[in-house]
Each structure stands twice: as structure tokens, then as C-alpha cells.
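# Commentary on secondary and tertiary structure
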Amino acid sequence: MAIVPVTEWPEGASLGDAEVDALHVAHHAQPRQVLGCHRLKSHESNEEGDLFVFRVWHQSLERDWEAEDLEVLLQLEGVSPPVPMRRRCAWLYEAVLRLPADWIPDEDDAAQAPVGGVLRLPRYQVLIPEQDHPLHDAFGYVGFLLAEVEIDQFQSGHFLHVADALGCHCVCAGGVYGLRFATWAPRAVFVSVVGDWNNWDGRACPMAKRFRAGKDGGFCGLWEIFVPFGELSDVPFGQKYGFKIHTLAGTDLVKMDPYAQEMEVPSDLYHSPVFNASVISSCDDSYRAKPFEWSDEAWMQAREERGQVNTALLQPMAIYEVHLSSFRRGANGELMNYRDMAKQLVEHVKALNFNWVELMALAHHPFQGSWGYQVSGYYSCYSLLGSPDDLKYLINQLHEAKIGVIMDFVPAHFCKDACSFGDFDGTATFEYEDPREGEQRQWGTKVFNFRRNEVRSFLLGAALFWADRYHIDGFRCDAVSSMIYRNFGKSEGEWIRNEHGGDSNLEAVSLLRELNNSMKEFWPGVIMIAEESTAWEGVTSLRPASSYMQNERYVVPLSHDEVANMKGSMIEKMGKKENLGFYERVRLLCALYGYQASGCGRPLLFMGQEYGQGREWNCYQSLDWHEGEEPVRRGLCVWLSDLMAVYKCHKPLHMGDDQPHQRQFPVGCKSFEWVENNPGACVIAFCRHWKGERPVMTICNFGSQYHHGYTIGSPYWGGWEVLLNSDDGRYGGRGGGPGNSAWIWSGQARPDCSDSLTLDLPACSCLVLLAPEKFQEFKATRPPAGINTTDLSCADVEYGLAEIGF
């Protein structure tokens, strides 16, 4: 090694003024090409080796206003003593040395970078005698953070593990811990990582453009940098960060990281902040030494087995919908952490006999008033309620209690406020460019550009990320109607037709298909649910012919949408036209829940409606739990609990949901059979069948009239057991009609059937009956008119051309 005096430095060894100026305003096009260690190729080698220039750029070297030189030393690997460096300007020190030609290898070949990237370690350290630890030069680490195959997958629209590549991750390179950052900003001019650790100064960590391998490799839209810190304890976990982006328009933006795994707690719950920073996460299970310890192996294995043999949808799904930040609060109205509410939520759900929860607002959203439907952090849980590990703890507790978890997933649109990632690089990036495609004005949101492959990777990767990292068991995809129809909520002239002149968004449909197929492939047993109720056929693939009911698979929701936006609570809706009193409203609500649970489809009920909350839901306020202590409302809770227990226990009530008109043998009746339809008396009745299981009949009287000695057709003769009667005293009822566990025996014929049941039907009531034990031998010779056993064919299940695959 030979130190080259400054007076003998060749021309170009010291960085030129134009380059220095560009660095000092964070506008250097390729900082990696001029900073760090480089061979001076314009000068010939001699027997002593080649000339190498070392340029160390770091904000801690000195402040801009300090003119005095610091003593900065360059310590080469295996060489002593250290070499003094020359101050070029604020932040920048340089040295020129003659070293063996092979001291550093030639430039890396991007095509050889493995998955996860590769960093060539610097063979030097920077020492400042007054500091205890060496200074780590970010530009001394050269190489590539993304493999070519990862970029191929990202640009193909099918990068399912994109969360491990883009965003912020803590990695160790040569014993030095640091953060690797990568982001997609295809039309940005310059990008820097800014955060608490560098005082949000865009000059400190300028990112490098990533070019594709090969001679003609162009810019792929990705930017990357590795920022070293030293020991693991030096990594600034919990600090805030973002990306400073210089746009084509000449403006500077600071944007959050779309792939961040944690976000800053919003400072104002009632308004969207101007900026909501990303947070360096210590809960990144793909990179930390000790990932979160799950204890739900049995649950996950059973779920996978059900998915592999395609029996997941034959299981009962009694779903309790929860908005966590308004479910329950502390004594003084303070928000509860995910961990704090775990025990109470699990106990409450189990007491009500629900076996699934649907959790609203899990993904990060800066404005609480959006209910979680204007998302900014698609890879981050809602920071207001705790860390990723806190949410994992809650889900783990639910799984241990054998409760499945569905999350609201919002692939249709995203938050358009400045705190989100709209116009990320200064232009339409994640959204369609034309506002007729790229905005959903009725909601004030941006619409994802479903035809752009990088956006497809983002959305597919997000869903797979939640299934992987958080063990989510189901996804309720929000606003699917707005995805598949280009004219959703728009007048003529406000939307653009597809290439065939139609109103279908073909690229959105293909994305949903790919999402469903990918989930089935990688996470069998995960349930995919679409919020969609238009005439589009084949959303859920199942298409046997006949009526609309059996064309799809259903969840039957009484959700948050029914009890908000001035619609009133469920109890307020009951008997409003008849001006029923409070007690009768509760009784009618019991009947409604009975009809919901025993009909076709999986029942879903929003929190607070189990006890008939009086006011409509407010996302900023805890439920009125004190109302549930009132005797009448407590009876409603008990009724719902018993109802869900019966729903789960009796297979006919759930196993035939997806084929309601398919024949069930040995008796040859359909899964769902109408028994009674009497609009004058406000009475309906239907019977549910499943193979050789004892059928279950539900009778609902939705009217306010008590029917004494009401006769109803019976498909089987013999003794029917009363499983549930909503007017039983156990549920706060008046005790009308046959009580729970009573028996009703079929009697004389009616004109329309050979056997009948005669019973009292209380006003606003629901009765659930279990057929005779030997029902197969006691089938009515002339069943009720609704039951048609002449056609014993089984409807074929087929896949339609327009099927989406939920």
C-alpha cells in the first residue's frame, strides 16, 4: 500500500464541484457511482498496483457550518496504521491509495445476485479518534439488494413474497447490522431514505436506481440502499422514516413506505394527517432472529387438511363482526391494546357460541372515521391498537379457543390523502392515471391500477403476507362490485369502457381470480369472501342452474353497514312501521336472528346487536355494555348463544348451505325445503336436510298476532322435539307455545299434506324443531306442497365462464 499525496492526485480523483453540489441538494443521479471505494480506471497500473479513491459521505462527520477539519482516518483491512483522509467539503472526506490490482474485485454482475440480494463488504473502516465505534460507510457496501428473478416476478405481477424484498428490513452484512430499503418509484428523479436517525435530511441516504442486468438493461423503477449501523442494538427500531422523492415536476415529496410493516400512531383520530410516517419494525418475522412464537399448530394443521380435501365450507361458520377500537374501552374511555382485549374478546365470542370473528380495520388507516376502508398501510396492522406482535398474540389466542379469524381486505381502492401513497412518485403510480378510472369520488378514494403488474404484485403480496405473518383464516374482500364494474357509482361520461365496449373491469376480474387461486394454492383452507351483491354470476364459482340462491355461496350478514350512517340500530328497525314497543321489538329481533341462523348461508352479526344496543354504532365510542345487563336484553343474548350452539351442532343447518336445492339421500329431499308460506299470518316455515342426519324445521311468526292451535304441514310423522322457542322464559319471553325440549306429535292431515303439526305460535317468535329419530321410516305419504320429491335428480355443480373463484 502507498499513500498518494494530495499534490499527486490525478485529475478527477477528487469529486468535482458539480457532483458535490448535487450531493448536497440530494439530487445526484447515481451516488453509488461516485461514493465509496472506486478504482481510478483512467490511470494505468504499475508494479505497485492500481490507484483507488475512497470517498466517505456521512452527515456525522461534521455539520455544514463547521469549517474546521475533523481527524478522519481510513483503516484498511489488514493494513496498519490508518491513513488520514482529506476534507473535501462538509460531509465528504477523501483519500487516494495505490493498492494491489485485486484489492477489490470488478463490478458485480446483477444477473448473479441471489434471492435476497448480495452485498460485497467494504474492506475498510472509517475511524474518528474521539468516537468509540467506527463509522460505517453506506456506500462501502456494494452489490444488489434484489435478485433479477425477484424483479422478474415483481414486474410479472405475481411476486407473492414481495413483502420480503421491498420496504425496510434489518439484515446483517459481515457482522454489521443495518437496514435495507427498496421502493418502487418509476418516474421519480431522485429518492432518499429519511427518518429520525438522519434528521429527515434527504442528503444522508440517497438511494440508487436499480438497472436490469445486461448491456441494454434499463431502469426497472426500483430504488435501493443498505444503511449500516453497527451492532443490533444500534439499529433504530421504532424510529420513523419515509422516502423523500424529487418529482419530474421539480417538487420534493416525503411519502410513507407502501410496504412498511409498522406505521406511526395517528396524531388526530378525527382527521387525516398531512403525513403519517412509517416505522422501522422490530417484528419482521422473516428477518429477526426470534420470530413470534405461535402456539396454534393444531388449528393451522386442521385448517390446511380441510382445505386440501375441500371440506372447509362444510364446517359451521357463525361469524361475530368486530371493530376492535370501539368494541370495548378502558374505564376512562381509553383505547385498549390488542393484547389487553384478547381475553375479553375470546370469552365473549365463546359465550355467544360464535366460532369465527370478522375483524374490521386491521390494516393501517390514518383516519379512524373511515372504519378501516381507506387504507394506507397494506402491510401494517393498525398502529393505534399496538404492535404487529400484539395483534399476533390476539389472533393466537383466538385460534387456541378454536375461533377462526377473517379480516377485512380492501383491494378496490385506497386512501387518497397526502399521508398515503397516492401519486407516490409525483405521478399516478399505484392508481390509474385517468381520473375516470383512478378515482372513486363517492368515497373520496383512489382506485388501484389493476392492469399494472407492479400494482398486482403489491395487492397479491399483501393478502399472502397477512395469511403468512398473521395466520389469517379468511379474507372479506371489500367493495368487489366497485372493482368488477367500471361504471360503479358513476354517471355516463365519468367512466371509460373496456376494450370490448363493456362495463366490466377485466383486469380487476383477472386479479381477483389470481388472488383466489394463489390463496388456494399456498394457503389451503383459507376462506375467501366477496362483498358483492350485483347480478354478476359466478363470483363464488358455484353455478348449478335454477334460482339465484344456489348460484353462489353466501354469508348472510347483519353487519356494521346495517347499524351506521343514520340507519339506526337493529332494535330500532324492528316493527318500526307498526310502532311496536321495546319488548315486542326484542321479540321480533329474536325471530329475525332465528331466521338468519337457520336459513341458507353463514350467519354474521355485528357486535352490540347480540344484546340489541339502542343507539347506532359509533366508531369513536365503546359499545354500551351496560345495556346487556338489562333482563330483557340479557334474554336476547342467551337466545343468540343457544341459537348459534344449535346451528353449529346440527349439520343440516350448515352443511347444505352451498347446494340448497340438491337432493339429500336416503330421503331424497332438498337441503332447503319450504314447508309453509302464509303471508296473511306472517308465518313461514322451512326444513333443512343433510344426508342421514335428522332434519331441522324452523317456524317463524313475524307478525304481532299470537296464533293459537296453528296447523302446519309436516314432512314426517311422529314426535318432533322443540330445540328452541324464542318465547321461552329463558330468553325473556312470555312462555307461549311449546317450551324448549318439549315434544310435538304429528296429527291429522291437511288438505295439502298427509301429516301436520298443531301448536301455538307466539307473536314475533321463532321455533326450531328436530325431526323424529326414525324420520327415514316415517316420511309423510303426501308431504307439504313446498316439498317436491318427484324429481330426484341431483343438480350438477359446474364452473361458469365468468367465475371469479371466491
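All values derive from a computational prediction rather than experimental measurement. (Residues numbered from 1 in each chain as written. Predicted model: local features only at pLDDT ≥ 70, side-chain atom pairs only at ≥ 80, totals over all residues. Heavy atoms only, no water.)

Our focus in this paragraph is the overall build of the protein chain. Counting secondary structure elements, the protein chain contains 13 helices and 40 strands. Dimensions along the principal axes, computed over C-alpha positions, put the protein chain at roughly 115 × 55 × 50 Å. When burial is assessed residue by residue, the protein chain has 59% of its 806 residues classed as buried. For the protein chain, the proportion of contacts with a sequence separation of at least 24, taken over those separated by at least 6, is 71%. (Helix = DSSP H or I, 4+ residues; strand = E, 2+ residues; numbered from the N terminus. Buried < 20%, exposed > 50% of the residue type's maximum accessible area, 1.4 Å probe, protein only. Contact = heavy atoms within 4.5 Å.)

So, on to the packing of aromatic side chains. Here the structure, examined in full by the defined rule, presents 52 aromatic pairs. Judged by centre distance (4.9 Å) and plane angle (55 degrees), the ring pair of Trp371 and Trp617 falls under tilted. Highlighted residues: Trp371 in the loop between strand S21 (363–364) and strand S22 (377–381) and Trp617 in the loop between strand S30 (602–606) and helix H13 (631–649), separated in sequence by 246 residues. Trp617 matches Trp371 in its accessibility class, with the two residues each being buried. Positioned above the aromatic ring of Trp625, the side-chain terminus of Arg328 is 4.2 Å from the ring centre. (Phe/Tyr/Trp six-rings, centres within 6.5 Å; stacked < 30°, edge-to-face > 60°. Lys NZ or Arg CZ within 6 Å of the ring centre and 35° of its normal.)

With that settled, consider the packing of helix H12 (residues 582–598) against H13. In contact at an axis separation of 10 Å, H12 and H13 are set at 10 degrees when each is read in the N-to-C sense. Accordingly, the angle class assigned to the pair H12 and H13 is roughly parallel. Residues Phe582, Tyr583, Val586, Leu589, Cys590, Tyr593, Gly594 and Ala597 of H12 form the contact with H13, whose participating residues are Val632, Arg633, Leu636, Trp639, Leu640, Leu643, Met644 and Tyr647. (Axes fitted to C-alpha atoms, helices over the stretch in contact; angles between N-to-C directions. Parallel < 35°, antiparallel > 145°, perpendicular 65-115°, else oblique.)

Further remarks concern the nonpolar core. One finds Phe181, Tyr378, Trp466 and Phe475 to be the most contacted residues of the largest nonpolar core, which totals 182 residues. Top contributing element to this core by residue count: helix H8 (residues 453–469), with ten residues. Apart from the residues within four sequence positions on either side, Phe181 is in contact with Leu145, Gly167, Cys168, Val193, Trp197, Met207, Trp223, Glu224, Ile225, Val227, Tyr241 and Phe243. With 22 residues, the next largest nonpolar core counts Cys687, Tyr710, Val722 and Ile744 among its residues. (Core = buried A, V, L, I, M, F, W, Y, C linked by side-chain atoms within 4.5 Å.)

Among the secondary structure elements, Met570 is positioned in helix H11 (residues 570–573). As for Met570 and Arg585, which are separated by 15 residues in sequence, their C-alpha atoms are 9.3 Å apart.

Strand order in this open sheet of six strands is S33-S34-S35-S40-S37-S38, and the pairing throughout is antiparallel. The sheet is open, and its two borders are formed by strand S33 (672–678) and strand S38 (743–745), each paired with just one other strand. Across the sheet, the axes of successive neighbouring strands diverge by a mean angle of 25 degrees, strand direction being ignored. Note: strand S37 (residues 719–725) against S38, three bridges, orientation antiparallel. By the bridge assignment, Glu721 is partnered in S38 with Trp743. (Pairing = 2+ DSSP bridges.)

In space, the seven strands of this open sheet follow the order S28-S27-S23-S20-S19-S30-S29, with parallel pairing throughout. Each end of this open sheet is capped by a strand with a single partner; those strands are strand S28 (527–530) and strand S29 (555–558). Put simply, the sheet's adjacent strands are angled 25 degrees from each other on average, direction ignored. Strand direction decides the pairing type here: S29 and S30, joined by four bridges, are parallel. Within S30, the position partnered with Pro557 by the bridge is Leu604. Along the sheet, H12 makes contact with S29 and S30, crossing S29 at roughly 160 degrees.

Note on placement: Leu121 falls in the loop between strand S8 (118–120) and strand S9 (124–127). Leu121 gets classed as partly exposed once you look at its relative accessible area, which sits at 39%. As for Leu121 and Ala173, which are separated by 52 residues in sequence, their C-alpha atoms are 7.0 Å apart. Once residues lying within four places of it in the same chain are set aside, the contact partners of Leu121 are Gly140, Tyr141, Ala173 and Gly174.

It is worth spelling out the side chain of Arg98 at this point. Among the structural elements, Arg98 can be located in strand S7 (residues 92–99). Looking at Arg98, the relative accessible area reads 15%, which means it is buried. Separated by 2.9 Å, the side chain of Arg98 and the backbone oxygen of Gly49 make a polar contact. (Polar contact = N/O pair within 3.5 Å; in protein donor to acceptor, adjacent residues only side chain to side chain.)

Tracing the backbone shows Gly174 in the loop between strand S11 (167–173) and strand S12 (176–184). With 88 residues separating them in the primary sequence, Gly174 and Arg86 have C-alpha atoms 27 Å apart.

We now examine helix H10 (residues 506–522). Between its first and last C-alpha, H10 extends 24 Å over 17 residues, near the 24 Å set by a 1.5 Å rise per residue. Taken together, the buried positions of H10 are occupied by Glu507, Ala508, Val509, Leu511, Leu512, Leu515, Asn516, Ser518 and Met519. (Expected span 1.5 Å × (residues − 1).)

Structurally, the position occupied by Glu224 is in strand S15 (residues 219–230). On the accessibility criterion, Glu224 (1% relative accessible area) is buried. At 3.4 Å, the side chain of Glu224 forms a polar contact with the backbone nitrogen of Leu145. Sequence-distant contacts of Glu224, defined by excluding residues within four places in its chain, comprise Arg32, Gly143, Phe144, Leu145, Leu146, Phe181, Ala182, Met207, Ala208 and Arg210.

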